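This is what each chain is made of:
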Amino acid sequence: MRKTFTALAAAAFAVVGVASTATADGHGGGEKYVLVSHAPDSDSWWNTIKNGVALAGEQMGVEVEYRNPPTGDLADMARIIEQAAASGPNGIITTLADFDVLSGPISAAIDSGVDVIIINSGSPDQARELGALMYVGQPEYDAGFAAGQRAKGDGIGSFLCVNHYINSPSSTERCQGFTDGLGVELGNQMIDSGQDPAEIKNKVLAYLSANPETEAVLTLGPTSADPTILALEENGMAGDLYFGTFDLGEEIVKALKSGVINWGIDQQPFLQAYLPVIVMANYHRYGVLPGNNINSGPGFVTADGLSKVEEFAGEFR
């Protein structure tokens, strides 16, 4: 079984394609779905999304394709959604990283008869406004707020939010939710770190040097967490500075285990890719659809009970 998971993980680094097959009972089969994300090629967190959509496609006997803008450019993503709709799929599964940029092409796809499920970013209200079937994901502000309340309960009053994708409103919602949960002003406590690991590390070191009273650091995923771990190891603050992060990854799991990171927020990206394919296939074959949106997170992961997370980190967790 483990070999099967590994093979799927390796295959998912390329554009995902799963051959169409008929279902065992003869119903359906042959549907085509395209998952479009806003992620740049450099962000390894999305490998779990790729694995989730590939596994669901294989199990349901449908053709699935993963597409994204290589640099994370949202205008490029809008064009990809338009191209995906023009290819005539049965459904599109897409993130909604910026409503203003992406609502037009998504609405056009729905108007053309393509069913759409919004995942990961955006909100249930925005999905409803566009006419999407449903929303599957983690309400980002709410997750940030819960994290802020947790940190407040642990005695934290000041922090640094390392935002590696600041042009995505959902990323800023995480930082804003965190500061609201703490009950403080955001002010200059959020930095635009960029996505280059060396640059992120240097910016974290510079901020902590200039603001020695900082009590905590919040990162928004492996892209910012991994260099921040290195920064804290370099300045001697690893294990001493309160450290929370969104999302999971191999280095994050190691840091949770060693006590460098206090907690990670797992939005379960596997479910964000896997469930929409299952939902769409059953909707198109049998006309059945869940009555509510699906919250895939947030869930706090700590050093306790890491065995399953550690086993599948970067693949399905």
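Nothing here was measured: the structure is a model prediction, and the numbers come from that model.

**Q** Looking at this structure, how should I read the pattern of salt bridges?
**A** Any two side chains of opposite charge can pair, on the condition that their charged atoms come close. One pass over the structure, following the stated rule, counts nine salt bridges. Across the salt bridge formed by Arg174 and Asp247, the nearest N and O atoms sit 3.5 Å from each other. On the criterion of sequence distance, the pair formed by Arg174 in helix H7 (residues 169-182) and Asp247 in the loop between strand S9 (242-246) and helix H10 (250-258) is long-range, its members being 73 residues apart. Residue Arg174 is classed as buried on the basis of its relative accessible area of 7%. Note that Glu251 and Lys254 form a salt bridge whose closest N and O atoms lie 3.4 Å from each other. Residue Glu251 and its partner Lys254 are both found in helix H10; the two are separated by three residues, about one turn of the helix.

**Q** Sorry if this is basic, but what is going on with the sheet that holds strand S10 (residues 263-266) here?
**A** Hydrogen bonds between backbone groups are what pair the strands of a sheet, and the pairing can be parallel or antiparallel. If you trace the six strands from one edge of the open sheet to the other, you get S7-S6-S8-S9-S10-S12, paired in mixed fashion. Here the strands that pair on one side only, and so sit at the sheet edges, are strand S7 (190-192) and strand S12 (299-301). Averaged over all pairs of adjacent strands, the angle between strand axes in this sheet comes to 20 degrees, irrespective of strand direction. In this structure, S10 lies alongside S12, joined through three bridges in antiparallel fashion. Bridge pairing links Ile265 to Phe300 in S12.

**Q** Looking at this structure, I do not really get empty space enclosed by the protein. What am I missing?
**A** One pass over the structure, following the stated rule, counts one cavity of 30 Å³ or more. In this structure, the largest cavity occupies an estimated 230 Å³ of space. What lines the largest cavity is a set of 19 residues, and nearest its centre among them are His38, Trp46, His164, Arg174 and Leu220. Among the elements that take part in the lining of the largest cavity, H7 stands out by supplying three residues, more than any other.

**Q** I keep staring at the nonpolar core and nothing clicks. Help me out?
**A** Across soluble globular proteins, nonpolar side chains show a tendency to be buried alongside one another. By size, the foremost hydrophobic cluster in this structure holds 28 residues, and its most contacted members are Tyr33, Leu35, Ile49, Val62, Ile117 and Val277. For this core, the secondary structure elements donating two or more residues are strand S1 (32-36), helix H2 (47-60), strand S2 (63-67), strand S4 (115-120), strand S5 (134-137) and helix H11 (269-286). The greatest single-element share of this core, amounting to eight residues, is contributed by H11. When neighbours within four sequence positions are excluded, Ile117 is seen to be in contact with Ile92, Ile93, Thr94, Leu133, Met134, Val136, Pro276, Val279 and Met280. The next biggest cluster of nonpolar side chains, apart from the first, holds 26 residues, and it includes Val253, Leu256, Val260 and Ile261.

The rules behind each value
- Residues numbered from 1 in each chain as written.
- Predicted model: local features only at pLDDT ≥ 70, side-chain atom pairs only at ≥ 80, totals over all residues.
- Heavy atoms only, no water.
- Salt bridge = Lys/Arg side-chain N within 4 Å of Asp/Glu carboxyl O.
- Helix = DSSP H or I, 4+ residues; strand = E, 2+ residues; numbered from the N terminus.
- Buried < 20%, exposed > 50% of the residue type's maximum accessible area, 1.4 Å probe, protein only.
- Pairing = 2+ DSSP bridges.
- Axes fitted to C-alpha atoms, helices over the stretch in contact; angles between N-to-C directions.
- 1 Å grid on protein atoms, 1.4 Å probe; cavity = no way out; pocket = protein on both sides within 12 Å on 5 of 7 lines; lining within 4 Å.
- Points joined across faces, edges and corners; volume = space filled by probe spheres on them.
- Core = buried A, V, L, I, M, F, W, Y, C linked by side-chain atoms within 4.5 Å.
- Contact = heavy atoms within 4.5 Å.

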